[in-house]
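# A closer look at the structure
Here is what each chain is made of, one letter per residue.
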Amino acid sequence: MKLSSLLSLSLPLLATAQTAAPYTDAKSGITFNAYVTSNYFFGLALPENATGSDFIGTIGGKGTGWSGASLGGQMRNKLLVLSWPNAQAVLSSFRKTAQYGSPAVATGTFTQTPIANGTYVNSTHWTYTFLCSNCIQTDGTTFKSSDTTASIGFAFSATAPTQKTNAGSAVSKHTSQGLVTFDLTKAKNANFATWKSWAAPKVARGFEA
Ligand code: HEM
Ligand SMILES: *[C@@H]1O[C@H](CO)[C@@H](O)[C@H](O)[C@H]1NC(C)=O
Ligand SMILES: *[C@@H]1O[C@H](CO)[C@@H](O)[C@H](O)[C@H]1NC(C)=O
Ligand SMILES: *[C@@H]1O[C@H](CO)[C@@H](O)[C@H](O)[C@H]1NC(C)=O
């Protein structure tokens, strides 16, 4: 077997050992605890005295494919966030599925509202920063606000969704996925309330940011 084949086989194992680290988005100035690679990133910011159900999230990727995160770690029966760029905009939705396969749009009391200067598409990457309200659930579909660490799932593909102008589009399977341990104490920030106040709907069309 060639060395390149061995390396690609070992990648999923390496990915499960990843952890999140501090990351500040250059355009918004918001600091997250984030899992960052050259092709994918997902970050969380929480209130300093976290007791509520809100967080600020950032998700992004390289090129024109999709990036997803599982707020409960595993893909199945957890609350997922699924986002992708369309020209200069970013589309995003909540998803949930009981089975492996393109997850259906999920509805509930949770909402996501973009933070404008943390949402952009540049020549290499796209970034979507959002207030996730009522997103920390108590039904086991997400981490809990009392958790000190959380297992967060990541998944991405370089292939754009079939209907990239529809936030509810089906997607093809990820080419990379795994679990990352987030130290939630490092996601807490005294500036949370200020950052939260920057969230505002940009357009009236669905989840488009
Ligand atoms: C057609 C679409 C999809 C298919 C067929 C699919 C299928 C699968 C399968 C079979 C696995 C187990 C590992 C493996 O055998 O590869 C998996 C894992 C995973 N998937 Fe998906 N998936 C899809 C879309 C998504 C989306 C949109 C997300 C996130 C928004 C996601 C998040 C994850 C995560 C975090 C894992 C790793 C944790 C786990 O195994 O549960 N998947 N997926
Ligand atoms: C991002 O936008 C907010 C609200 O408009 C603003 O207060 C903040 O200074 C901006 N961030 C940067 C780094 O300019
Ligand atoms: C585009 O944005 C990403 C995410 O903020 C950043 O890492 C990257 O350096 C930016 N690329 C360019 C060419 O500015
Ligand atoms: C968090 O609680 C500490 C201790 O009560 C307090 O000093 C601090 O101001 C609180 N932070 C915020 C953002 O309310």
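A brief look at the structure comes next. (Residues numbered from 1 in each chain as written. Chains lettered and ligands numbered in written order. Predicted model: local features only at pLDDT ≥ 70, side-chain atom pairs only at ≥ 80, totals over all residues. Heavy atoms only, no water.)

## A few points about the site of ligand 3
The full set of residues close to ligand 3 is Tyr23, Tyr120, Asn122, Ser123, Thr124, His125 and Thr127. Residue Tyr120 places a side-chain N or O atom 2.7 Å away from an oxygen atom belonging to ligand 3. Asn122 places a side-chain nitrogen or oxygen 2.3 Å from an oxygen atom of ligand 3. When isolated, ligand 3 has an accessible area of 360 Å², and the protein chains bury 53% of it. Among the residues forming the shell around ligand 3, the class breakdown is two nonpolar, five polar and no charged. (Near = heavy atom within 4 Å. Polar contact = N/O pair within 3.5 Å; in protein donor to acceptor, adjacent residues only side chain to side chain. Areas by Shrake-Rupley, 256 points an atom, 1.4 Å probe, with all protein chains shown as cover. Nonpolar A, V, L, I, M, F, W, Y, C, P; charged D, E, K, R; others polar.)

## Comments concerning the packing of aromatic side chains
With the rule as written, the count across this model stands at 10 aromatic pairs. For the pair Tyr35 and Phe154, a centre-to-centre distance of 4.9 Å together with 40° between the ring planes defines the contact as tilted. On the criterion of sequence distance, the pair formed by Tyr35 in strand β2 (residues 31-36) and Phe154 in strand β12 (residues 149-157) is long-range, its members being 119 residues apart. Residues Tyr35 and Phe154 agree in their burial class; the two are buried. Members of the aromatic cluster, joined through ring pairs, are Tyr35, Tyr40, Phe154 and Phe156. Over the ring of Tyr120 we find Lys27, and its NZ or CZ is 4.8 Å from the ring centre. (Phe/Tyr/Trp six-rings, centres within 6.5 Å; stacked < 30°, edge-to-face > 60°. Helix = DSSP H or I, 4+ residues; strand = E, 2+ residues; numbered from the N terminus. Buried < 20%, exposed > 50% of the residue type's maximum accessible area, 1.4 Å probe, protein only. Lys NZ or Arg CZ within 6 Å of the ring centre and 35° of its normal.)

## Section: the pattern of salt bridges
Overall, the coordinates contain three salt bridges when judged by the stated rule. Across the pair Asp54 and Lys196 runs a salt bridge whose closest N-O atoms are separated by 2.8 Å. Within this pair, whereas Asp54 is found in the loop between β3 (40-47) and β4 (55-62), its partner Lys196 is found in helix α2 (residues 192-196), the two being separated by 142 residues in sequence. Under the relative-accessibility criterion, Asp54 is labelled buried at 15%. Its salt-bridge partner being Lys144, residue Asp147 comes within 3.6 Å of it at the nearest N-O pair. Judged by relative accessible area, which is 43%, Lys144 ranks as partly exposed. (Salt bridge = Lys/Arg side-chain N within 4 Å of Asp/Glu carboxyl O.)

## Description of the environment of Ser169
Within the secondary structure, Ser169 is located in the loop between β12 and β13 (176-183). Taking the C-alpha atoms as reference points, Ser169 and Leu82, 87 residues apart in sequence, are found 10.0 Å from one another. For Ser169, the contacting residues outside a window of four places in its chain are Trp84, Arg95, Pro161, Thr162 and Gln163. (Contact = heavy atoms within 4.5 Å.)

## Details of the sheet that holds strand β5 (residues 66-70)
With respect to topology, six strands assemble into an open sheet ordered β8-β7-β6-β5-β12-β13, the strand pairing being antiparallel. Two strands lie at the open edges of the sheet, namely β8 (104-105) and β13, each paired on one side alone. One ladder, built from eight bridges, connects β12 with β13; its direction is antiparallel. From the neighbouring strand, Thr149 faces β13, where its bridge partner is Asp183. (Pairing = 2+ DSSP bridges.)

## Side note on the side chain of Ser70
Relative to the helices and strands, Ser70 is located in strand β5. In this structure Ser70 comes out as buried when scored by relative accessible area, which is 4%. Filtering out sequence-adjacent residues up to four positions away, Ser70 remains in contact with Lys78, Leu79, Leu80, Ser151, Ile152 and Gly153.

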